Amino acid sequence: MLSLSQKTNTECSAICALLSEYHDNLLSARQIIEVEKHLAVCLECLEASRGMEAMIHLLHSTPQRDTSDDFMMRLHDRLDVLEPAAMPALPLRARFREWVMSLILALRIYRLHAVSFSLVGVFLIGVFLLKQPPASHNTGEPEGQIEARSGLAMPLEQNVVNATEDPFSDPVANRLAVHALLSTGR
Amino acid sequence: MWAMENVMHTDTLLIQRAQANDRTAFNEIVLRYKSKVYNYISRMVRSSADAEDLTQETFVRAYLSIHSFQSRASLNTWLFRIATNLCIDFSRKTKAHIQASSLSQTCYEDDDTGSQRDILDVSYDPQRVLISKELGRELDTALSQLPEKLRTVILLYDMEGLSYEEISSIVNVPLGTVKSRIFNARAQLREALAPYLKGVY
């Protein structure tokens, strides 16, 4: 069981640990209420909070420093010397990666436009798909191929029949013989 | 939010142009960021001459490795990462842990020569300007006495306005560590400047 003073010390250290984020507005609403409730009753923590606030204000309002007037000129002199070795060509993969990254960045920046275009695209694809006629449920073989195949089958069947009737006939020899007969007949 | 994204978009375009060997684009990058980088480095190393050299070195390194820059990081973060690494190397090499007694060689002396300009916090009340300058000097001393790890995060967060996430990627530590370092840095500065701060609030 904690005594009252121990409890207060624990609470004070817990609140003091939150003061930095409290002044940066980074706490949740619940934490803010806790801090403010404590500051309303604890003078020491209130003093610490004011000190922290003044400290942050001081850091934020510290004068900005700038470079000397000849900074750019001196930098140019240095860069001029470096220039020949400074620009190696990027490999294709790195360039592609850069391109993808810049595309992602552009999509992040123009998020609303990208979402709108995607929705319109999905809608158009949906409309296109709905307009397509339903696919026929046959064997999957095109009709032209079946016809061609039957056309090819006919001479083969005829040959089989011929071969069955006269197994020793030679179609080429027969044609030559007919040709010779016709020649002599003339 | 939109403004920040537009800045990032402009930066991306500038980088793409710089990667295509466009020197004008690189010059524009330097003009956009030189003050921020110099302001940060000058509070890390304190000597204005060293700060200017390191700022130059930051942009030379950026120029040399602009092709390796990937759009995943922001240009701001990338430049501050280069600057932070240079400051760490510098302090390792020269062991330049600035003491309060070395103020005679600091940027404040250069203030009188005109190489440094006060852009913010200029008030017409002479008394307030005096307090501000004295406080500024004390703040610089207190900052220089902070450990380097704490000084880096407090400068990046409170003076350069970077987010916890950006600082986490620059100093390569988890987000929780960044938060605790910022808290510790502020607490130490508050303690160091307590007598002066009482007059402020």
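Residues numbered from 1 in each chain as written. Chains lettered and ligands numbered in written order. Predicted model: local features only at pLDDT ≥ 70, side-chain atom pairs only at ≥ 80, totals over all residues.

### Considerations on the overall build of chain B
Logical step 1: Secondary structure assignment for chain B yields 10 helices and zero strands.
Logical step 2: For chain B, the N- to C-terminal ordering of α and β elements is α-α-α-α-α-α-α-α-α-α.
Logical step 3: Looking at chain B as a whole, 38% of its 201 residues qualify as buried. (Helix = DSSP H or I, 4+ residues; strand = E, 2+ residues; numbered from the N terminus. Buried ≥ 20, exposed ≤ 12 C-beta atoms within 10 Å, placed from the backbone.)

### A short note on the overall build of chain A
Logical step 1: Assigned secondary structure in chain A consists of eight helices and zero strands.
Logical step 2: What you see in chain A, going N to C, is helices and strands ordered as α-α-α-α-α-α-α-α.
Logical step 3: Counting across all 186 residues of chain A, residues that qualify as buried make up 9%.
Logical step 4: Put simply, 47% of the contacts in chain A that link residues at least 6 apart link residues at least 24 apart. (Contact = placed C-beta atoms within 7 Å.)

### Quick look at the nonpolar core
One recurring pattern in soluble globular proteins is that nonpolar side chains are buried together.
Residues and elements named next belong to chain B.
Logical step 1: Core analysis: the biggest nonpolar cluster contains 56 residues, and Ile41, Leu79, Ala83, Val153 and Leu156 have the highest contact counts within it.
Logical step 2: By residue number, the principal contributor to this core is helix 2 (residues 23-45), which donates 10 residues.
Logical step 3: Aside from chain neighbours lying at most four places away, what touches Leu79 is Tyr33, Val37, Thr58 and Ala62. (Core = buried A, V, L, I, M, F, W, Y, C linked by C-beta atoms within 7 Å.)

### Here we look at unusual backbone geometry
Residue and element names in this part refer to chain B.
Logical step 1: Of note in the backbone geometry, Asn21 takes a positive phi value of approximately 65 degrees without being a glycine.
Logical step 2: Residue Asn172 is not a glycine yet carries a positive backbone phi of 60 degrees.
Logical step 3: Mapping Asn172 onto the fold places it in the loop between helix 8 (164-171) and helix 9 (175-192).

### Some remarks on the environment of Glu34(A)
Logical step 1: With respect to the helices, strands and loops of the structure, Glu34(A) is situated in helix 2 (residues 29-41).
Logical step 2: Sequence separation between Glu34(A) and Ile15(A) is 19 residues, and the spatial gap between their C-alpha atoms is 8.1 Å.

### What to know about the packing of helix 3 (residues 43-60) of chain A against helix 9 of chain B
Logical step 1: Put simply, helix 3 of chain A and helix 9 of chain B touch, their axes get as near as 9 Å, and they point 100 degrees apart. In terms of axis orientation, helix 3 of chain A runs roughly perpendicular to helix 9 of chain B. Packed against helix 3 of chain A, whose contacting residues are Gly51(A), Met52(A), Met55(A) and Ile56(A), the element helix 9 of chain B presents Arg186(B), Leu189(B) and Arg190(B) at the interface.
Logical step 2: Grouping the constituent residues of the contact of helix 3 of chain A with helix 9 of chain B by class yields four nonpolar, one polar and two charged. (Axes fitted to C-alpha atoms, helices over the stretch in contact; angles between N-to-C directions. Parallel < 35°, antiparallel > 145°, perpendicular 65-115°, else oblique. Nonpolar A, V, L, I, M, F, W, Y, C, P; charged D, E, K, R; others polar.)

### So, the confidence of the model for chain B
Residue and element names in this part refer to chain B.
Logical step 1: Residues at a pLDDT of 70 or more form 75% of chain B, whose mean pLDDT is 79.
Logical step 2: For chain B, per-element mean pLDDT is lowest for helix 5 (residues 107-113), which scores 42, and highest for helix 7 (residues 148-159), which scores 93.
Logical step 3: The low-confidence segment residues 98-124, where pLDDT is below 50, has 39 contacts with residues more than four positions distant or belonging to other chains.
Logical step 4: Interface predicted TM-score (ipTM) for the complex: 0.73; the corresponding pTM is 0.62. (pLDDT = per-residue confidence, 0-100.)

### Concerning helix 6 (residues 111-131) of chain A
Logical step 1: Here helix 6 of chain A spans 31 Å end to end across 21 residues, near enough to the 30 Å set by a 1.5 Å rise per residue.
Logical step 2: Counting buried residues in helix 6 of chain A gives zero out of 21 residues, a small share hidden from the surface. (Expected span 1.5 Å × (residues − 1).)

### Observations regarding helix 4 (residues 75-94) of chain B
Every α-helical turn comprises 3.6 residues, leaving residues that sit three or four positions apart pointing alike.
Logical step 1: Spanning 20 residues, helix 4 of chain B covers 28 Å between terminal C-alpha atoms, matching the ideal 28 Å at 1.5 Å per step.
Logical step 2: What helix 4 of chain B keeps buried is the set Leu75(B), Asn76(B), Trp78(B), Leu79(B), Phe80(B), Ile82(B), Ala83(B), Thr84(B), Leu86(B) and Cys87(B).

### Digging into the confidence of the model for chain A
Logical step 1: Summarising the model, chain A shows a mean pLDDT of 76, and 70% of its residues fall at 70 or more.
Logical step 2: Mean pLDDT across the secondary structure elements of chain A bottoms out at helix 7 (residues 143-165) of chain A, with 56, and peaks at helix 2 of chain A, with 92.

### Regarding the packing of helix 2 of chain B against helix 4 of chain B
Residues and elements named next belong to chain B.
Logical step 1: At a minimum axis distance of 10 Å, the contact between helix 2 and helix 4 shows a crossing angle of 35 degrees. Here helix 2 and helix 4 pass one another in a crossing that is right-handed. Judged by residue contacts, Ile29, Tyr33, Val37, Tyr40, Ile41, Met44 and Val45 of helix 2 engage Leu75, Leu79, Phe80, Ala83, Cys87 and Phe90 from helix 4.
Logical step 2: Tallied by class, the residues present in the contact of helix 2 with helix 4 amount to 13 nonpolar, no polar and no charged. (Left-handed = near helix turned anticlockwise from the far one by under 90°.)

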